[in-house]
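A structural walkthrough
In case you want the letters, here they are:
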Amino acid sequence: MPDYQTHTYDVLVIGAGGAGLRAAIEASAAGVRVGLICKSLLGKAHTVMAEGGIAAALANVDDRDNWMVHFADTMRGGQYVNNWRMAELHAKEAADRVRELEAWGALFDRTKDGRILQRNFGGHRYPRLAHVGDRTGLEMIRTLQDHGTYMDIEVHMECTIVSLLTSGGQVAGACGYERDRGRFSVYQAKAVVLATGGVGRAYKITSNSWEYTGDGHALAYDAGAELMDMEFVQFHPTGMVWPPSVRGILVTEGVRGEGGVLTNSQGRRFMFDDIPANYRASTADNEEEGWRYTQGDKSARRPPELLTRDHVSRCIVRELKEGRGSPHGGVFLDISWIKARVPDAAEHIKKKLPSMYHQFKQLADIDITAEAMEVGPTTHYIMGGVRVDGDTQMSSVPGLFAAGECAAGINGANRLGGNSLSDLLVFGKRAGEFAAKFAREHHQEPIDTAQADQAVRRALEPFEHEASGEGPYQVQYALQDMMQDLVGIVRTESEMVRALDGLEALKARANHVGVGGHREYNPGWHTALDLPNLLVASEAITRSAIERKESRGAHFREDYPEKDPAFGTFNIVVRKAADGSMAVSRAPIPEMPAELKRIIEEMK
Ligand SMILES: Cc1cc2nc3c(=O)[nH]c(=O)nc-3n(C[C@H](O)[C@H](O)[C@H](O)COP(=O)(O)OP(=O)(O)OC[C@H]3O[C@@H](n4cnc5c(N)ncnc54)[C@H](O)[C@@H]3O)c2cc1C
């Protein structure tokens with residue numbers, strides 16, 4: 001019988017990024033007992049890495065902006081397979097959530113008359129991203145943590161949840177281990193909010209940190225919840241490509257928002273060569289107009305560098321395939337050229353993009369105020385996640401909620417930059433509110449100790465294979481290579497079917513990985529426990545991508561390069577079948593209310 005500590009809460013929040021912190025604050029404000037768990041130290045969540053800003057129609061810089069334009073932009077960006085209710089709530093509530101963050105102490109950059117400054121970003125019609133230089137996520141996390149300090153929230157840092165516990169079809173808690181000591185704990189709770197972030201570590205080239213191994217996706221799936229839209233993986237167009245040790249690290253879209261341009265080896269601004277029909281009317285057709293847009297000229301249209309991420313990534317891949325790439329396999333992103341237009345450009349760039357300046361100076365010995373960067377696509381974000389109710393964020397498992405990157409719906413086939421941070425605030429708050437409500441209205445389900453014992457036994461298995469087993473890193477690298485090569489930016493049926501075979505083989509290998517040493521701070525062991533989650537997420541991505549026989553948003557099929565309207569009427573959903581296999585189905589998208597349809601038509 002394994003030995004573990006027990007903690008009891010009304011609401012347990014798993015993940016302490018923006019979504020988890022916001023959920024915990026809201027649940028605590030509702031007067032219930034809240035536990036908050038994170039895999040690393042508090043404050044180190046992915047959210048802290050966010051650079052460009054928070055999208056919200058505050059209309060501080062352009063008074064033509066409002067929630068309807070934001071809604072229409074989000075739906076167009078998502079190619080209309082978004083959960084329209086979530087897109088509506090997000091557009092309506094994001095501005096209040098940003099103002100609330102300000103009231104809690106967030107110090108945003110300012111307009112000349114003292115309001116929150118907003119910057120341009122891809123796919124947003126007007127300057128919309130509230131920001132703090134290019135360190136917005138840091139300010140957001142700092143503010144939420146400061147605010148949370150005064151709430152009654154019990155925090156468990158460096159603790160990884162390995163299994164959700166259910167009883168009578170309802171969530172009853174979770175089981176996890178302390179990363180420093182290796183001890184197990186059971187967290188009993190009436191409601192659980194998953195806020196575990198993304199899955200980027202399933203790919204070789206990624207902007208995501210070590211924590212993003214799809215844990216929430218797999219925990220929910222194993223507990224019986226559905227995952228939706230998993231085929232939509234966002235490849236951000238601008239990651240670093242050189243030196244190899246930093247490949248994939250993000251170069252914020254803010255560089256392009258501030259006037260940075262993409263060029264190929266021939267010095268051509270290739271983004272002007274392919275402007276999609278549905279963006280033609282709102283995109284500049286000459287460089288002069290594009291520049292004026294970045295400088296706030298309201299009569300100008302956005303430069304094509306600020307088209308949606310999926311499109312910019314594919315244009316870069318085209319340049320690379322056709323032999324017009326940079327020396328290290330990327331293209332050039334140049335902000336230094338603005339010295340021809342802006343007095344004291346070097347200081348201006350350092351002020352607007354301080355992290356980018358330091359990132360390139362320190363990691364690549366490149367001074368971005370004087371020379372171009374080399375950039376290429378990097379796995380950045382997953383639009384897919386736990387299928388939730390748009391209003392409450394509850395999954396199909398009673399008492400299990402999800403918010404932030406690990407939940408699906410708001411983004412559809414492609415997320416617009418800046419919409420994640422606002423998603424965390426809007427739906428983090430909602431998840432906290434409704435989880436607290438659920439906890440108040442339901443009694444605690446008893447913990448099934450057999451479930452907890454099994455989770456602990458499974459978690460300890462890698463130690464039993466110490467002598468015979470393969471190391472977990474080999475399996476992780478093999479998975480990342482395979483997903484990058486076979487289920488990446490450009491996909492075909494035959495390659496993805498090969499990937500499914502590959503996944504079966506990797507599952508078998510993952511079941512037998514072995515680790516040595518003891519349980520205290522053992523990274524090999526932690527990696528072994530990440531593997532099943534990465535495999536669930538990868539299988540869900542692959543099966544969903546095979547099912548979507550068209551190209552839409554971030555999902556591009558070379559064998560089906562066009563968008564098929566029939567595929568715009570449903571989302572693809574996976575869930576665990578009774579025999580343990582992954583079942584794929586199509587969930588029809590509910591009819592959109594006429595009022596929202598009208599908004600979309602008017603904004604086209
Ligand atoms: C470099 C970079 C820049 C970005 N810039 C922007 C931007 O400017 N604007 C924007 O809108 N979006 C941006 N994004 C995307 C955005 O930052 C993320 O989508 C968002 O922060 C995710 O927040 P979250 O709260 O869902 O999860 P995260 O912030 O990813 O937090 C997840 C939490 O879950 C915990 N966790 C995970 N698994 C477990 C487990 N098994 N047990 C316990 N805890 C667990 C982690 O420890 C962590 O605390 C950027 C992303 C990156 C990588």
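Structural notes, computed from the coordinates. All of these numbers come straight from a predicted model, not from anything done at the bench. (Residues numbered from 1 in each chain as written. Predicted model: local features only at pLDDT ≥ 70, side-chain atom pairs only at ≥ 80, totals over all residues. Heavy atoms only, no water.)

1. With respect to the packing of helix α5 (residues 215-222) against helix α16 (residues 523-547)
The condition that has to hold: Axis lines are fitted to C-alpha atoms, over the contacting stretch for helices. Their N-to-C directions set the angle, which ranges from 0 to 180 degrees. Secondary structure is summarised from DSSP: a helix means a run of H or I of at least four residues, a strand means a run of E of at least two, and numbering begins at the N terminus for each. Here is the rule for angles: anything less than 35 degrees is roughly parallel, anything more than 145 is roughly antiparallel, 65 through 115 is roughly perpendicular, and the remaining ranges are oblique. Throughout, a residue-residue contact means that at least one pair of heavy atoms, one from each residue, lies within 4.5 Å.
Look at α5 against α16: their axes get within 8 Å of each other, and the N-to-C directions meet at 75°. The angle between α5 and α16 places the two elements in the roughly perpendicular class. Of the residues in α16, those touching α5 at D215, A218 and Y221 are D530, N533 and V536.

2. With respect to the sheet that holds strand β4 (residues 118-119)
Rules: Here, any two strands with at least 2 DSSP bridges between them count as paired.
Strands sit in the order β3-β5-β4 across an open sheet of three strands; the sheet is antiparallel. Looking at strand neighbours, the two that pair on one side only are β3 (54-55) and β4, the edges of this open sheet.

3. Here's the deal with the sheet that holds strand β14 (residues 373-382)
Strand order in the open sheet made by the four strands is β11-β14-β13-β12, with antiparallel pairing throughout. In this open sheet, the two edge strands, each paired with only one partner strand, are β11 (233-240) and β12 (261-263). Pairwise comparison of adjacent strand axes, ignoring direction, gives a mean angle of 45° for this sheet. By the bridge criterion, three bridges tie strand β13 (residues 331-334) to β14 in an arrangement that is antiparallel. Paired with F332 across the bridge in β14 is E374. Sheet strands in contact with helix α9 (residues 309-321) are β11, β12, β13 and β14, and its direction is about 60° off that of β11.

4. Details of the environment of G254
For G254, the location among the structural elements is in helix α6 (residues 254-257). The spacing of G254 and F570 is 316 residues in sequence and 33 Å in space, taken between C-alpha atoms. Apart from residues lying up to four places away in sequence, G254 is in contact with R119, F121 and L353.

5. Looking at the pattern of salt bridges
For clarity, the threshold we go by: Salt bridge, as used here, is a side-chain nitrogen of Lys or Arg placed within 4 Å of a carboxyl oxygen of Asp or Glu. Only protein chains enter the calculation, and the probe is 1.4 Å; a residue is then buried if its accessible area is under 20% of its type maximum, exposed if over 50%, and partly exposed in between.
Summed over all chains, the structure comprises 60 salt bridges. A salt bridge links D146 to R142; the nearest nitrogen and oxygen atoms lie 2.9 Å apart. One end of the pair is D146 and the other is R142, both in helix α4 (residues 136-149) and four residues apart, which spans about a single turn. Across the pair E539 and R543 runs a salt bridge whose closest N-O atoms are separated by 2.7 Å. Placement of the pair is E539 and R543 together in helix α16, with a separation of four residues, close to one helical turn. Accessibility expressed as a relative area gives 6% for E539, which makes it buried. A residue is classified by how much of its surface remains accessible, and R543, at 25% relative accessible area, is partly exposed. Each of R22, E26, R97, E100, K429 and E433 takes part in one network of salt bridges that share partners.

6. With respect to the nonpolar core
We apply this condition: What makes a nonpolar core is a set of buried Ala, Val, Leu, Ile, Met, Phe, Trp, Tyr and Cys residues whose side-chain atoms join them at distances within 4.5 Å.
By size, the foremost hydrophobic cluster in this structure holds 124 residues, and its most contacted members are V11, L12, F108, L194, L400 and I541. Ranked by residue count, the leading element in this core is α16, at twelve residues. If you look at the next biggest cluster of nonpolar residues, it comprises 30 residues, including L307, L333, I338 and M373.

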